[in-house]
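Close look at the chain arrangement
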Amino acid sequence: MSSVRNGKEMFVVQGFGGKRKLSGRLAVSGAKNAALKAMAATLLFSDTVKLNNVPDIEDVKRMAELLSDLGGDVKKVGAHSYTINTKGISKTDLDHTLSKRMRSSIILTGPILARFGKVSFPHPGGCVLGSRPIDLFLSGFKEMGGRSVLRKGRYRVSARGKKLKGIEFFFRKVSVTGTETLMMSAVLAEGKTTLKNAALEPEIEHLAEFLNSCGAKIKGAGTSTIEITGGGMLRARKKVYTTLPDRIEAGSFLILGAIAARRLEITKCKPEHLEILTTLLKESGVPISIKKGSIVVRTPRVRPSAFDVRTHEYPGFSTDLQAPMVVYLTQAKGECSVFETIFEGRLNYTEDLVHMGAHITMANPHNIAVKGPSKLEGRTLEGPDLRAGLAFVIAGIVAEGQSIIDNVYHIDRGYERIEERLRSIGVNIKRVSR
Ligand code: EPZ
C-alpha cells in the first residue's frame, strides 16, 4: 500500500530578487509520462520487462504499487531501473485508493480489459485541472465490445466472449492517454484497429517502437492515424525499454534558465521535442544554443519581450509548460495573453502569482492577460498540481525574499529530488518537515 511521507513537507526558497545568479548544468530525468505508460504496457507481456531511466518519483511508485496490488512482480533493481513480470496477475480490479491518487491509473484499464476480458476501476483521481472525463476511454472500449456499467462508484467493463475486437475509432477530442490506452488494448484485440485523430506526443511513438520490437504490429504512431493489428501476448526476450528524456522537465529548466541564469546547460534532453519553446524564447530575445542532446541558455542582452501563448496538443505549446511560462512572462517586457485550451482549471494558480506582485488579470477560466515586468515578493504558496508547483518554485527563485511552497508531494509526483538538483546550480532551496 501507498507509503507517502512527503505530504507534510515544504520547500523554503530564498529568492534572488530578479538577479541572475544561477549557472551550471542540469541533467534531465526520464519522462514521467513515458515511464508510466511503459509500466502499464508490461501487462501485455508474458515475460519479464526491464525498464531503464525510470525517474524516481512518486507517480512511478504509485504505478508500481498498483501493478503489485494486481499481483505483478515489480522489482526496483537500480536507482532508475525496474523489472516487471505480470504473468501471475489474475486480479482485474484496480485498487480504489491508489487509482484515486493518480489520473494515469486509467491507462492500466485497457491492457487489463484486453488481456482478461474484464476490468473494474473507480473514476481516476490526480491533479486538479478541471473535470477530467473518461468518456473517450469508455466509448472506445464499448466499440471494441466492452460493455461498461457504473455500480457503487466503480466502472465494470466486460468484453463479449472475453475478447476485444479491432475497430475504427475517431477521437472527437485529441487525448494522450486515450490514444495510448486504446493503442495498447488493440495490441491484444482480435483483428485490426485504426485510431484516427490520435495524439502525436513523442512518448506515444516511443512506446509503440518498443512494443513493435517485442512483437506488436503498430503502424503510424506519432502521426494522427495509428493502425494496430492485434495478436497474442508480447515477449520482451530481454529487450530493455529505456525511457526517453522528460521534455516537460527540460522545458521547465530552460524557462528557469531564461529568467534566472547567467549560463545554464540542460543536458540529456531531446531539443527536437522542445521546438515550440525554443522558438518562442529565441524570438523573445533569449540567447539559446541547441546542441545534440543539450540546450544552453545565456543572459539576454536586454530584457526579453512578452509573447502570446496558446496551449495546444503536441507539437504545439504544451499545457504542462504553461505555468512556468506564465512566471517567465511576468518577467518579460510588455503585455500578452495566455490561452489555456486543454484544461479549464489550469490557470487558477495565477491568483497566487498576483499575491506575489504579478500583473495578471483573468478574463475567464481559459484566458489571462499578463503585463510585465513585475517585481515578485516571496510568499507562502501551495501548488494545485505538479507543474504549477514547480512554477511556484521558479517564481520563488525570481522573487525578493523567502517563499514557502507547501505540499511538496505534488512536486515529488513528477520531479526527482528537485531541490538537490536545483541547489547544484545555485538555487537556495531547502526541504523542511512541518
Ligand atoms: C496527458 O493527460 C498527460 N498525462 C498530462 O500531463 C497532460 O497535461 C495532458 O496529456 C495533455 O498534454 C499523462 O500522460 C499521464 P488528455 P491526459 O486526455 O491524457 C479531454 C502532467 O502534469 N478528455 O490528452 O489525461 C480532457 O479533459 C499531466 O504530467 C475528454 O474530454 O490528457 C482534456 O480537455 C497532467 N474525455 C483533453 O481531452 C476523455 O475521455 C486532453 O486531455 C479524455 C480526455
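My aim in this report is to walk through the structure given alongside it, one point at a time. (Residues numbered from 1 in each chain as written. Predicted model: local features only at pLDDT ≥ 70, side-chain atom pairs only at ≥ 80, totals over all residues. Heavy atoms only, no water.)

Things to note about the overall build of the protein
When helices and strands are tallied, the protein shows 14 helices and 23 strands. For a compact globule of 434 residues, the expected C-alpha radius of gyration is about 22 Å, and the protein comes in at 22 Å, within 12% of that figure. Summarising its shape, the C-alpha atoms of the protein cover approximately 65 × 45 × 40 Å along the three principal directions. In the structure as shown, the protein presents an accessible area of about 17200 Å², 49% of it carried by carbon and sulfur atoms. (Helix = DSSP H or I, 4+ residues; strand = E, 2+ residues; numbered from the N terminus. Rg over C-alpha atoms; globule rule 2.2 N^0.38 Å. Areas by Shrake-Rupley, 256 points an atom, 1.4 Å probe, with all protein chains shown as cover.)

Some words on the packing of helix 1 (residues 32-41) against helix 6 (residues 176-187)
Where helix 1 contacts helix 6, the two axes come as close as 11 Å, and the packing angle between them is 25 degrees. Classified by the angle between their axes, helix 1 and helix 6 sit roughly parallel to one another. Remark: the crossing between helix 1 and helix 6 carries right-handed chirality. Every residue of helix 6 that contacts helix 1 at N33, K37, A40 and A41 is listed here: V176, T177, E180 and M184. Considered class by class, the residues forming the contact of helix 1 with helix 6 number four nonpolar, two polar and two charged. (Axes fitted to C-alpha atoms, helices over the stretch in contact; angles between N-to-C directions. Parallel < 35°, antiparallel > 145°, perpendicular 65-115°, else oblique. Left-handed = near helix turned anticlockwise from the far one by under 90°. Contact = heavy atoms within 4.5 Å. Nonpolar A, V, L, I, M, F, W, Y, C, P; charged D, E, K, R; others polar.)

Observations regarding the pattern of salt bridges
In the structure shown here, the tally under the stated rule is 26 salt bridges. Measuring nitrogen to oxygen at the nearest pair gives 2.7 Å for the salt bridge that ties E180 to K37. Placement of the pair is E180 in helix 6 and K37 in helix 1, with a sequence separation of 143 residues. Given the relative accessible area of 0%, E180 is considered buried. Among the residues examined, K37 registers a relative accessible area of 4% and is labelled buried. Its salt-bridge partner being E227, residue K192 comes within 3.8 Å of it at the nearest N-O pair. Linking K192 in strand 10 (residues 192-196) with E227 in strand 12 (residues 225-229), this pair joins segments that are 35 residues apart in sequence. Given the relative accessible area of 48%, K192 is considered partly exposed. Take E227: its relative accessible area is 29%, and that puts it in the partly exposed class. (Salt bridge = Lys/Arg side-chain N within 4 Å of Asp/Glu carboxyl O. Buried < 20%, exposed > 50% of the residue type's maximum accessible area, 1.4 Å probe, protein only.)

Some words on the packing of aromatic side chains
Under the definition given, this model contains six aromatic pairs. Among the aromatic residues, ring-to-ring pairing joins F45, F210 and Y241 into one connected group. Over the ring of Y409 we find R101; its NZ or CZ atom is 4.6 Å from the centre of that ring. (Phe/Tyr/Trp six-rings, centres within 6.5 Å; stacked < 30°, edge-to-face > 60°. Lys NZ or Arg CZ within 6 Å of the ring centre and 35° of its normal.)

Regarding the side chain of S104
Inspection of the secondary structure puts S104 in the loop between helix 3 (96-101) and helix 4 (109-116). For S104, a relative accessible area of 9% translates into the label buried.

Focus on the sheet that holds strand 16 (residues 294-298)
Pairing is mixed in the open sheet, where four strands are placed in the order 2-14-16-15. Every other strand in the sheet has two partners, leaving strand 2 (22-27) and strand 15 (288-291) as the edge strands with one partner each. Each strand axis lies, on average, 10 degrees off the axis of its neighbour in the sheet, ignoring direction. The sheet contact formed by strand 14 (residues 261-267) and strand 16 spans five bridges and is antiparallel. Bridge pairing in strand 16 places R263 opposite R298. Of the strands in this sheet, strand 2, strand 14, strand 15 and strand 16 are in contact with helix 8 (residues 247-260), which crosses strand 14 at around 165 degrees. (Pairing = 2+ DSSP bridges.)

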